[in-house]
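# Examining the three-dimensional arrangement
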Amino acid sequence: MPTPELVITIAPYRPDHAAAWRSLNEDWLVAGGYVLEAKDELVLGDPDGAILSKGGHIFIAERDGAPAGCCSLMAMDDGGYEVGKMAVLEGARGLNLGLRLLEACEAAARSAGAPRLYLETNKAQTHAIALYRRFGFTDLPPRPSPYARADVWMEKRF
């Protein structure tokens, strides 16, 4: 008997995604040995006020209708967008959810006329950094960050 095919969708954030949005991000932060910082608490606790109402987007990767990954796109003062809060459930890794989330971010940014995508991460996130580089991100010099864990800065210009 053939194995049923997984249905993967990238959906815009809905209020019923709130618990998954928080847990997906808290899980990767804790697993990585990081603490929840002030900006984490803000965007995880109030995604509408901190991201969506300011012109940003949140995308949820759903596997068979259940949240399995997420990513945010936060509007920046220069017209670009910061990619943040990328997380994929451990059991859903290898399904290209990270790539599909980045594609959704780029499509939204391009349709808004943004000049670039920007992100901050930590050098220990080697799989994520490799994905970002394959997707066309390049390294930037260090800059101020609200995150103590940030030690890698990247952008993708359009």
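Being a predicted model, the structure only gives us computed values, none of them experimental.

### Notes on the packing of aromatic side chains
This structure, assessed with the given rule, holds three aromatic pairs. An aromatic cluster is built from Y132, F135 and F137, whose rings are joined through pairwise contacts. Positioned above the aromatic ring of Y34, the side-chain terminus of R149 is 5.8 Å from the ring centre. Looking at K156, its charged tip hangs above the ring of F135, at a distance of 4.0 Å from the centre.

### A word on the side chain of N25
By the element assignment, N25 lies in helix α1 (residues 18–31). Note on N25: relative accessible area 0%, which makes it buried. Apart from residues lying up to four places away in sequence, N25 is in contact with L44, C70, K85, M86 and A87.

### Here we look at helix α5 (residues 126–134)
Listed as buried for α5 are I129, L131 and Y132. The arc that holds the buried residues of α5, viewed along the axis, is 160°, so those residues lie on one side. Projecting away from the buried face of α5 at angles above 90 degrees are the exposed residues H127 and R134. In this fold, the buried residues of α5 make contact with β4 (81–88), α4 (97–111), β5 (116–121) and β7 (152–157). Positive backbone phi, at 105°, marks G136, one or two positions downstream of α5.

### What to know about the sheet that holds β4
Note: strands within a sheet are paired through backbone hydrogen bonds, in either parallel or antiparallel orientation. Pairing is mixed across the open sheet formed by seven strands, whose spatial order is β1-β2-β3-β4-β5-β7-β6. In the strand order of this sheet, the two ends are held by β1 (8–12) and β6 (138–140), each with one partner. With direction set aside, neighbouring strand axes in the sheet form an average angle of 30°. Sheet topology note: the β4/β5 ladder contains two bridges and is parallel. Bridge pairing in β5 links E82 to Y118. Against the sheet, α4 engages β1, β2 (57–63), β3 (66–75), β4, β5 and β7, with an angle of about 35° to β3. Together, β4, β5, β6 and β7 form the strand contacts of α5, whose direction differs from that of β7 by roughly 20°.

### Comments concerning the nonpolar core
Side chains of a nonpolar character, in soluble globular proteins, are inclined to be buried together. Residues L73, V83, L102 and F137 are the most contacted members of the largest nonpolar core, which totals 28 residues. Contributing elements (two or more residues each) for this core: β2, β3, β4, α4, β5, α5 and β7. If near-sequence neighbours (up to four positions away) are discounted, L73 is found in contact with I51, G56, H57, F59, Y81, E82, V83, C105, A108, A109 and L117. Within the second largest apolar cluster, 16 residues are counted, among which are L24, W28, L29 and I51.

### Some points on the environment of Y81
Here Y81 is to be found in strand β4. C-alpha separation for the pair Y81 and R134, spaced 53 residues apart in sequence, amounts to 19 Å.

### Section: the pairing of β5
β5 sits mainly inside the fold: six of its six residues count as buried. Crossover β4 to β5 through α4 is right-handed. Bridge count for β5 against β7 is six bridges, and the pairing is antiparallel. Bridge pairing in β7 places R116 opposite R157.

### Some words on the side chain of R149
Mapped onto the elements of the fold, R149 is located in the loop between β6 and β7. Given the relative accessible area of 13%, R149 is considered buried. For R149, the residues in contact, after removing those within four places along its chain, are W28, L29, Y34, V35, E37, D40, K85, T121 and N122.

Conventions we followed
Residues numbered from 1 in each chain as written. Predicted model: local features only at pLDDT ≥ 70, side-chain atom pairs only at ≥ 80, totals over all residues. Heavy atoms only, no water. Phe/Tyr/Trp six-rings, centres within 6.5 Å; stacked < 30°, edge-to-face > 60°. Lys NZ or Arg CZ within 6 Å of the ring centre and 35° of its normal. Helix = DSSP H or I, 4+ residues; strand = E, 2+ residues; numbered from the N terminus. Buried < 20%, exposed > 50% of the residue type's maximum accessible area, 1.4 Å probe, protein only. Contact = heavy atoms within 4.5 Å. Arc of directions from axis to C-beta. Pairing = 2+ DSSP bridges. Axes fitted to C-alpha atoms, helices over the stretch in contact; angles between N-to-C directions. Core = buried A, V, L, I, M, F, W, Y, C linked by side-chain atoms within 4.5 Å. Right-handed = clockwise from strand over helix to strand, strands pointing away.

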